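In case you want the letters, here they are:
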Amino acid sequence: MMNSRFLGPLEVSSQGLGCMGMSAFYGDTSDEGESIATIHRALDLGVTLLDTSDAYGPHTNEELVGRAVADRRDSVVLATKFGIAERDADGHARIRGEASYVRSSAEDSLKRLGLDHVDLYYQHRVDQTVPIEETVGAMASLVEQGKVRYLGLSEASVDNIRRAHAVHPITAVQFEWSLWSREIEDEIVPVARELGIGVVAYSPLGRGFLTGSIKSTADLADTDFRKIAQPRFTEENLAKNQAIIESLRAVAAEHDATPGQIALAWVQHRGADVVPIPGTKRRKYLEENVAAAGLSLTVDQLARIEAAVPVGEVAGERYSVGSMKSINR
């Protein structure tokens, strides 16, 4: 079985499962049977942390996850999120954090999930028009009512993390963290550790790039948002970033592993308070990801990997210009 880690006081498996791609963004989402089988297999392998959001679908991912865990609730630490209310025609999100919206979003999520409480409730993005104290105050009320056990923030600034934590203890902060997304290491991670907050790393496989399976846009479905709206997935940037994969392959060969497993192991080595949540909708890739939790990398191997991926030298931004405005806020 998989080892445990702690996000603040919350015990979870050392690796979680991101469920977003089962319902949105990464091409075909029609095989819900395989997605549910993947969740069940994850639980069988000792993965306890499942991550979803009301924005995935929207709404349909919570419904799918709810169906998958209906008879396995005691085996699951279920995390969901609110705050991305809607998107305009250009895909730009409207962020909301007023107290009334927090309350209604929680009620709606519980109905879709078919649960009486969620274990970890995140603000998905910070509403810059609403004081974080109002938002987290409303979230704290949900804890008092027994509808939520622990609170989290996603893509919040250092200042907002501190202010939120002063209102109610924040258990986890969620950020993109991988070999090609390391912006949080200078300020966010030290503050989280100072406050005793765990770090959940989403997209630890660089949205699939670090597996080595994406060499050009031809490898992505036309409906895949990476192809549509992710600057790192242009033909030019994909070509520039291929050198990263070659460094991972070299270390992978020393472990009889895949580049993706080495990339995941690198995240696992960031600290005992870090829990990556690689996403997949297929059992095959889930099993590959879970196996990475048992890999041990040497100091020399970690140094070689990091030398091949210098911080700040990855080609392309991780989001579009509009979406970049809502992260680390």
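Residues numbered from 1 in each chain as written. Predicted model: local features only at pLDDT ≥ 70, side-chain atom pairs only at ≥ 80, totals over all residues. Heavy atoms only, no water.

Per an unreviewed UniProt entry, the protein chain is named Aldo/keto reductase, and its organism is Umezawaea endophytica.

1. Some points on the overall build of the protein chain
Scanning the protein chain for helices and strands turns up 12 helices and 12 strands. A compact globule built from 329 residues would reach a C-alpha radius of gyration of about 20 Å, and the protein chain, at 19 Å, matches this within 12%. Dimensions of the protein chain along its principal axes, counting C-alpha atoms only, are 50 × 40 × 40 Å. Sorting the 329 residues of the protein chain into buried and exposed places 58% on the buried side. Counting contacts in the protein chain only where the partners sit at least 6 residues apart, residues at least 24 apart contribute 75% of the total. Surface exposure of the protein chain reaches about 13300 Å², of which carbon and sulfur atoms provide 49%. Side chains of the protein chain give 35 positive and 47 negative charges; the mean places of these two sets differ by 1 Å. (Helix = DSSP H or I, 4+ residues; strand = E, 2+ residues; numbered from the N terminus. Rg over C-alpha atoms; globule rule 2.2 N^0.38 Å. Buried < 20%, exposed > 50% of the residue type's maximum accessible area, 1.4 Å probe, protein only. Contact = heavy atoms within 4.5 Å. Areas by Shrake-Rupley, 256 points an atom, 1.4 Å probe, with all protein chains shown as cover. Lys, Arg positive; Asp, Glu negative; His and termini not counted. Charge placed at Lys NZ, Arg CZ, Asp CG, Glu CD.)

2. Topic: the nonpolar core
Counting 82 residues, the largest nonpolar core has Leu 17, Ile 39, Leu 153, Ile 161, Val 173, Leu 248 and Ile 262 as its most contacted members. With near-sequence residues (within four places) excluded, Ile 262 lies in contact with Leu 248, Val 251, Ala 252, His 255, Ala 257, Leu 295, Leu 297 and Ile 305. (Core = buried A, V, L, I, M, F, W, Y, C linked by side-chain atoms within 4.5 Å.)

3. Quick look at the packing of helix H5 (residues 158-167) against helix H6 (residues 188-195)
Across the interface, H5 lies against H6 with an axial gap of 10 Å and an inter-helix angle of 15°. Classified by the interaxial angle, the pair formed by H5 and H6 is roughly parallel. Crossing handedness for the pair H5 and H6: right-handed. Of the residues in H6, those in contact with Val 158, Ile 161, Arg 162 and His 165 of H5 are Ile 188, Val 191, Glu 194 and Leu 195. (Axes fitted to C-alpha atoms, helices over the stretch in contact; angles between N-to-C directions. Parallel < 35°, antiparallel > 145°, perpendicular 65-115°, else oblique. Left-handed = near helix turned anticlockwise from the far one by under 90°.)

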